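Residues per chain are reported as follows:
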Amino acid sequence: MIWLRVLPVLCVVLLLPTQVFSSIGKVLSIKPGAEITRAGETIRIREGMEVASGDTIATDNKGVVQLIFVDETKIAIGPNAHMVLDVTMLRGKNKAKSFAVQALGGSFRFISGKSRKRAYSIRTPTATMAVRGTTFDMWIDSDRQSAMLVLEGTVRMCSLRGGCRSTGRQCSLFATSQRGNIGRPIDRAEYDKALQQGFPFIQSQERLLRPFQVAAEGCSGDRAPQQVSVQTEHSEQQPSPPQREAERVAPAAATAAAPSSPEPPAPAQPDDMSDPHLSDPEPAGQSDPGANTDSGQGSGDGSGDQSDGSQG
């Protein structure tokens with residue numbers, strides 16, 4: 001009868017790997033060309049597959065993965081992307097205690113769910129982002145540059161050297177520079193170039209399921225922001241009025257190079273990335289680069305674009 005005692009023990013041991021795995025979400029849709037690495041093992045992603053904290057998801061130049069999490073957070077992962085999930089769920093609740101994402105490369109769309117705002121944090125090799133009931137796209141060029149485009153809600157983007165920008169205006173685009181600042185494209189041409197090269201879900205949402213699609217027509221074409229000026233960090237405690245920017249950089253000093261995908265952009269010249277010289281404030285009435293010029297209203301809390309950090 002000894003074998004009867006051994007059998008239950010073996011059953012418990014065999015069940016342990018399944019019990020250790022804790023699902024935090026699942027794959028809603030997959031375009032071929034994506035893998036998931038879990039506990040050192042890499043496998044092809046399948047539709048309906050569950051995902052867990054610690055999973056690493058990577059796509060090739062054609063892969064697109066759409067994930068939905070227990071708290072209804074949604075993430076679309078574009079081509080040539082690499083992301084690590086670190087999510088801790090609250091016991092007995094469909095909300096996250098901590099929802100951390102490491103976006104290491106590629107293009108993404110992030111739509112926050114029912115978890116507390118403070119639970120969310122997104123980290124890239126060059127920036128961190130805090131979300132406040134938000135939908136936004138982001139593009140990461142490995143360890144060289146990170147860019148974000150706000151579609152709904154408010155996002156606060158900080159460079160690793162400490163300068164931050166906050167915005168609640170639709171179509172606002174911010175990016176890190178080679179020197180670690182947070183800035184905007186210097187003009188409309190650079191803005192459009194960034195959208196075309198680094199934000200595939202703005203160019204076309206055909207590959208996205210309906211829950212991942214958002215109204216983003218105002219971010220491109222004739223309704224796009226008419227004037228985009230380079231910005232440097234200034235005090236977030238004293239935000240500029242919606243139609244005025246407290247500081248503007250001389251046109252000769254460009255911000256971060258526009259992102260490109262799938263191939264990375266050519267490195268910016270040293271003078272493009274030098275610390276800019278501040279010019280006089282913009283005249284009142286100038287169109288805001290982050291606002292939807294059709295409606296004149298931002299999304300989210302309507303707080304407008306703000307920033308903090310030290311001045312050069």
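The structure reproduced in this document is the subject of the present report.

Cut-off values and rules
Residues numbered from 1 in each chain as written. Predicted model: local features only at pLDDT ≥ 70, side-chain atom pairs only at ≥ 80, totals over all residues. Heavy atoms only, no water. Buried < 20%, exposed > 50% of the residue type's maximum accessible area, 1.4 Å probe, protein only. Helix = DSSP H or I, 4+ residues; strand = E, 2+ residues; numbered from the N terminus. Pairing = 2+ DSSP bridges. Phe/Tyr/Trp six-rings, centres within 6.5 Å; stacked < 30°, edge-to-face > 60°. Disulfide = S-S within 2.5 Å. Salt bridge = Lys/Arg side-chain N within 4 Å of Asp/Glu carboxyl O.

## Examining the pairing of strand β13 (residues 164-167)
Piece 1. Residues of β13 alternate between two faces, with C164 and S166 on one and R165 and T167 on the opposite face, all of them buried.
Piece 2. Pairing of strand β12 (residues 145-159) with β13 involves four bridges; the strand directions are antiparallel. Bridge pairing in β13 links R156 to S166.
Piece 3. The antiparallel hairpin formed by β12 and β13 contains four residues in its connecting segment, where G162 sits at a positive phi of about 115 degrees.

## Observations regarding the packing of aromatic side chains
Piece 1. Applying the stated rule across the entire model yields five aromatic pairs.
Piece 2. A centroid spacing of 5.4 Å and a plane angle of 45 degrees characterise the contact between F99 and Y120, whose relative ring orientation is tilted. Placement of the pair is F99 in strand β9 (residues 96-111) and Y120 in strand β10 (residues 120-123), with a sequence separation of 21 residues.
Piece 3. Between the aromatic rings of F110 and F136, the centroid separation amounts to 5.7 Å while the plane-to-plane angle is 40 degrees, which identifies the pairing as tilted. Highlighted residues: F110 in strand β9 and F136 in strand β11 (residues 127-141), separated in sequence by 26 residues. For the pair F110 and F136, a shared accessibility class is recorded, and that class is buried.
Piece 4. Here the aromatic residues F69, F99, F110, Y120 and F136 are joined through ring pairs into a cluster of three or more.

## A look at the state of the cysteines
Piece 1. Overall, the coordinates contain two disulfides when judged by the stated rule.
Piece 2. Residue C158 pairs covalently with C164 via a disulfide, S to S 2.0 Å. Here C158 and C164 share a disulfide; its torsion about the S-S bond, 105 degrees, makes the bridge right-handed. Side by side, C158 and C164 carry an identical accessibility label, which is buried.
Piece 3. Two residues share a disulfide in this structure: C171 and C219, whose sulfurs sit 2.2 Å from each other. For the disulfide bridge between C171 and C219, the dihedral angle about the S-S bond is near -85 degrees, and by the sign convention the bridge is left-handed. Taken together, the positions of C171 in the loop between β13 and β14 (173-176) and C219 in the loop between α3 (200-203) and β16 (248-249) put the pair 48 residues apart, joining distant regions of the chain.
Piece 4. Take C219: its relative accessible area is 0%, and that puts it in the buried class.

## Digging into the pattern of salt bridges
Piece 1. Applying the stated rule across the entire model yields five salt bridges.
Piece 2. The partner of D55 in a salt bridge is R38, and the shortest N-O contact between them spans 2.7 Å. Of this pair, D55 sits in the loop between β4 (50-52) and β5 (56-59) while R38 sits in strand β2 (residues 34-38); the two residues are 17 residues apart in sequence, bridging distant segments of the chain.
Piece 3. Residue class for D55 comes out buried when judged on its relative accessible area of 1%.

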